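Structural features, examined
Here is what each chain is made of, one letter per residue.
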Amino acid sequence: MKGSAMSQLAESETKKNVEILKKAYALWNTSKAASVDHWMGLVAEDVSWRSLADGSPGMEFTGRCNCKSEVLEYFQVLGTQWELNEYNADEFIAENDRVVMVGSCQWTHRKTGKLVKTPKVDILRMKDGLIVDFYEFYDAAKALAGANQ
């Protein structure tokens, strides 16, 4: 394949990845985090899934996940401990297999009743339409304060 054709193929794949993720984030917001099944359909079996809180006390579920079943557990505990109020995916920046989502979210901790609003950035790497690497950034100090009494 010539360079120009390869470049067009990569560009097409990049656009496809952005569209997949735009749909997933929109569904996450409108379903108030009830679209776990949709997200799980986008997660590769051998995914690397990381979170800024990194398993800190009160947010143990945010420890590193190395496979799809661990990501499912992450989502299950997240939904048990936190209620999603709002999730805005405002911007998508993409190049090759990387997509960065820039937005914000607001959650209420179910046990403490504390409201946490934070900027949110996710860095994802996609392969064949599936998430193979995910790293989420947010105000971890606010999240930890919200999770702890």
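Bear in mind that the values here come from a model prediction, so they are computed numbers and not experimental data.

**A look at the sheet that holds strand S1 (residues 43-51)**
- Taken together, five strands build an open sheet; the order of strands is S1-S5-S4-S3-S2 and the sheet is mixed. Among the strands making up the open sheet, the edge pair consists of S1 and strand S2 (82-95). Strand after strand, the sheet turns through a mean of 20° between neighbouring axes, direction not considered.
- With eight bridges connecting them, strand S4 (residues 115-127) and strand S5 (residues 130-138) associate as antiparallel partners. Bridge assignment links Arg125 to a residue of S5, and that residue is Asp133.
- Helix H3 (residues 68-81) rests against S1, S2, strand S3 (98-109) and S5 of the sheet, and its axis sits at about 50° to S1.

**A closer look at unusual backbone geometry**
- The backbone of Ala33 shows a phi angle near 75°, a positive value even though the residue is not glycine.
- Tracing the chain through its elements places Ala33 in the loop between helix H1 (3-30) and helix H2 (36-40).
- Taking relative accessible area as the criterion, Ala33 reaches 19% and is therefore assigned buried.
- The backbone of Asn96 shows a phi angle near 55°, a positive value even though the residue is not glycine.
- Its place among the elements puts Asn96 in the loop between S2 and S3.

**Let's talk about the nonpolar core**
- Counting residues in hydrophobic clusters, the biggest one holds 38 residues, and the most contacted among them are Leu21, Tyr25, Trp28, Trp49, Phe75, Trp107 and Ile131.
- Apart from the residues within four sequence positions on either side, Trp28 is in contact with Ala33, Ser35, Val36, Trp39, Phe75, Leu78, Leu84, Tyr87 and Trp107.

**A word on the side chain of Glu136**
- Looking at the secondary structure, you find Glu136 in strand S5.
- At 2.8 Å, the side chain of Glu136 forms a polar contact with the side chain of Ser51.
- A polar contact is formed between the side chain of Glu136 and the side chain of Tyr74, at a distance of 2.6 Å.
- Ignoring sequence-local partners within four residues, the contact set of Glu136 consists of Arg50, Ser51, Leu52, Tyr74, Lys120, Val121 and Asp122.

**Some words on the pattern of salt bridges**
- Within this structure, the stated rule accounts for six salt bridges.
- Taking the shortest distance from any N to any O, the salt bridge between Lys15 and Glu11 comes out at 3.6 Å. Of this pair, Lys15 and Glu11 are both found in helix H1, four residues apart, which corresponds to roughly one turn of the helix.
- Taking the relative accessible area as the measure of exposure, Lys15 reaches 52% and is therefore exposed.
- With its nearest N and O atoms 2.3 Å apart, the salt bridge here joins Asp122 to Lys120.

Rules of the game
- Residues numbered from 1 in each chain as written.
- Predicted model: local features only at pLDDT ≥ 70, side-chain atom pairs only at ≥ 80, totals over all residues.
- Heavy atoms only, no water.
- Pairing = 2+ DSSP bridges.
- Helix = DSSP H or I, 4+ residues; strand = E, 2+ residues; numbered from the N terminus.
- Axes fitted to C-alpha atoms, helices over the stretch in contact; angles between N-to-C directions.
- Contact = heavy atoms within 4.5 Å.
- Buried < 20%, exposed > 50% of the residue type's maximum accessible area, 1.4 Å probe, protein only.
- Core = buried A, V, L, I, M, F, W, Y, C linked by side-chain atoms within 4.5 Å.
- Polar contact = N/O pair within 3.5 Å; in protein donor to acceptor, adjacent residues only side chain to side chain.
- Salt bridge = Lys/Arg side-chain N within 4 Å of Asp/Glu carboxyl O.

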